[in-house]
Amino acid sequence: MRITAISAAVALMVLSVSTSLMAQRPDDQIDPKSLALLQEGRAAKTAGNLDGAQDALESALAVDPRNREAFLVLGEIARARGLPGKAIRLYREALTLEPNDLAALRGQGEALVVKGATAKAKENLARIKTICNGECSDATVLAASIAKGPPVTATAQAEPAKPSPAKP
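Since the model is a prediction, treat every value here as computed from it, not as a measurement.

Student: Please explain the pattern of salt bridges as it appears in this structure.
Tutor: Pairs may arise between side chains of opposite charge once their charged atoms sit close together. Following the criterion strictly, the structure yields 7 salt bridges and no others. The closest approach of N and O atoms between Arg68 and Asp101, which form a salt bridge, is 2.5 Å. One end of the pair, Arg68, is in helix α4 (residues 68–80); the other, Asp101, is in the loop between α5 (84–97) and α6 (102–115), and 33 residues separate them in sequence. We classify Arg68 as partly exposed; its relative accessible area is 24%. Taking the relative accessible area as the measure of exposure, Asp101 reaches 7% and is therefore buried. We note a salt bridge from Glu110 to Arg79, for which the minimum N-O separation is 2.6 Å. Taken together, the positions of Glu110 in helix α6 and Arg79 in helix α4 put the pair 31 residues apart, joining distant regions of the chain. Look at Arg79 and you get partly exposed, because its relative accessible area is 32%.

This is how it looks when you write it as structure tokens:
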């Protein structure tokens with residue numbers, strides 16, 4: 001009886017491992033439908049239709065979640081909409097698929113600067129410089145963004161509130 005339970009557990013484990021291995025795809029074998037949706041999303045973004053672009057790109061990721069370019073374009077859209085936190089998460093997803101993606105490192109670094117995390121942005125800059133063996137356009141763009149610093153918020157620009165007169 002003990003042997004049957006152990007052999008059943010081993011058989012289940014082998015079946016699970018073989019199924020999960022068959023489901024994985026290398027980066028260079030992205031589903032063609034996902035690539036078509038990526039192109040549709042890029043075209044919509046270029047035309048200024050951010051909602052349509054986001055829909056197409058999210059569909060591309062639903063078809064094939066290993067489409068790193070879709071994460072990058074979604075990160076650009078999030079930054080354009082003033083959502084740096086969402087952009088950072090999307091770039092992190094792209095970096096999970098390819099840790100040395102220069103565009104993802106630069107985009108994440110720029111979003112980090114907007115959030116005020118310049119120390120982390122400098123870490124991204126150092127990684128870019130290591131990958132490029134010195135200077136490259138991504139390093140130059142991120143360095144300029146870090147030097148510029150986070151944007152000044154509307155509340156920081158506003159004058160201090162004047163006390164209201166006391167009512168008797």
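So, next bit.
Student: Would you mind going over the state of the cysteines with me for this structure?
Tutor: Each disulfide consists of one covalent bond between the sulfur atoms belonging to two cysteines. Scanning the entire structure with this criterion turns up 1 disulfide. Shown here is the disulfide that connects Cys132 with Cys136, its sulfur atoms set 2.2 Å apart. Every disulfide takes its handedness from the sign of the S-S torsion; for Cys132 and Cys136 that torsion is 65°, giving right-handed.

The rules behind the values
Sequence positions are assigned chain by chain, starting from 1 and proceeding in written order. With the structure being a predicted model, the display of local features is reserved for residues of pLDDT at least 70 and the display and counting of side-chain atom pairs for 80 or more, all residues being used for whole-chain, interface and lining totals. Only hydrogens and water are set aside; all other atoms, that is, all heavy atoms of the structure, feed into the side-chain values. Just to be clear on terms, a salt bridge is a Lys or Arg side-chain nitrogen sitting within 4 Å of an Asp or Glu carboxyl oxygen. Helical segments are the DSSP runs of H or I of at least four residues, strand segments are the runs of E of at least two, and each set is numbered from the N terminus. When accessible area is computed with a 1.4 Å probe and restricted to protein chains, residues below 20% of their type maximum are described as buried, those above 50% as exposed, and intermediate ones as partly exposed. The term disulfide is used for any two cysteine sulfur atoms that are within 2.5 Å.

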